[in-house]
Amino acid sequence: MEDEVDRLVAAWRRERPDLDVEPLEVLSRVSRLARHLDRARRLAFSEHGLEPWEFDVLTSLRRAGAPYQLSPGQLLTQTLVTSGTMTNRIDRLTKKGLVERLPDPSDRRGVLVRLTPEGRDRADQALAGLLAQERAILGELSGRQRGELANLLRQLTAPFDNIPG
């Protein structure tokens, strides 16, 4: 089965035989797949009235376990955004009734961000929708192939996820 990347690579090999275009065979597919995943994510989240960034914050809190709360600093670490961006996101989610700010009992100046019951329900529903979309995308692969692919992708992503600082 031929795909768009095969055609792209063949064209580059014809036009630039002096270059090794082998990386395109993998990384162009990863890039194209990322675009398809982004569309699937947006669809799954929009069906539950959420934007991708809202899903990221809500599910970070949901994964924390009961009582589903984290400090803004912990949310920064998990979502990879600046403190100003996170403050804005918490404000917007608070206005929607999906999270609430609480005083941090271990730090008089600090706050904790807690998922509301509505936020928890929306996060759970959107996650179920996302998993259905992702299962469909992976449907052509066997369980063994999915495991192999996950391991190979982990080898590529782990160095980025383990950079100090």
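Note that the coordinates shown come from a computational prediction; the quantities given were computed from them, not determined experimentally.

Chemist: Explanation requested: the pairing of strand E3 (residues 107–115) in the structure shown.
Modeler: Successive residues of a regular strand alternate their side chains across the two faces of the sheet. Here two bridges tie strand E1 (residues 69–70) to E3, and the two strands are oriented antiparallel to one another. For Leu 70, the partnering residue across the bridge sits in E3 and is Val 113. Where strand E2 (residues 99–104) meets E3, six bridges bridge the pair, whose relative direction is antiparallel. Of the residues in E3, the one forming a bridge with Pro 103 is Val 111.

Chemist: Sorry, what's going on with the side chain of Glu 54 here?
Modeler: For Glu 54, the location among the structural elements is in helix H3 (residues 52–63). Take Glu 54: its relative accessible area is 3%, and that puts it in the buried class. Engagement of the side chain of Glu 54 in a polar contact is seen with the backbone nitrogen of Glu 51, the distance being 2.6 Å. Among all residues touching Glu 54, those that are not within four sequence positions of it are Gly 49, Leu 93 and Lys 96.

Conventions we followed
- What you see as residue numbers is a count from 1 along each chain, following the sequence as written.
- This being a predicted model, a pLDDT of at least 70 is required before a residue's local features are given, and a value of 80 or more before pairs of side-chain atoms are given or counted; all residues contribute to the totals for chains, interfaces and linings.
- Side-chain numbers here rest on the full set of heavy atoms in the structure, without hydrogens or water.
- Here, strands pair whenever DSSP counts at least two bridges between them.
- Under the DSSP-based scheme used, a helix requires at least four consecutive residues in state H or I and a strand at least two consecutive residues in state E, with every element numbered from the N terminus.
- The cut-offs for exposure are 20% and 50% of the maximum accessible area for each residue type, with area from a 1.4 Å probe on protein chains only; residues under the lower value are buried, those over the upper are exposed, and the others partly exposed.
- Definition of a polar contact: a pair of N or O atoms within 3.5 Å, with one able to donate and the other able to accept a hydrogen when the atoms are protein atoms, and with sequence-neighbouring residues admitted only if both atoms are side-chain atoms.
- Contact definition: two residues touch when any of their heavy atoms are within 4.5 Å.

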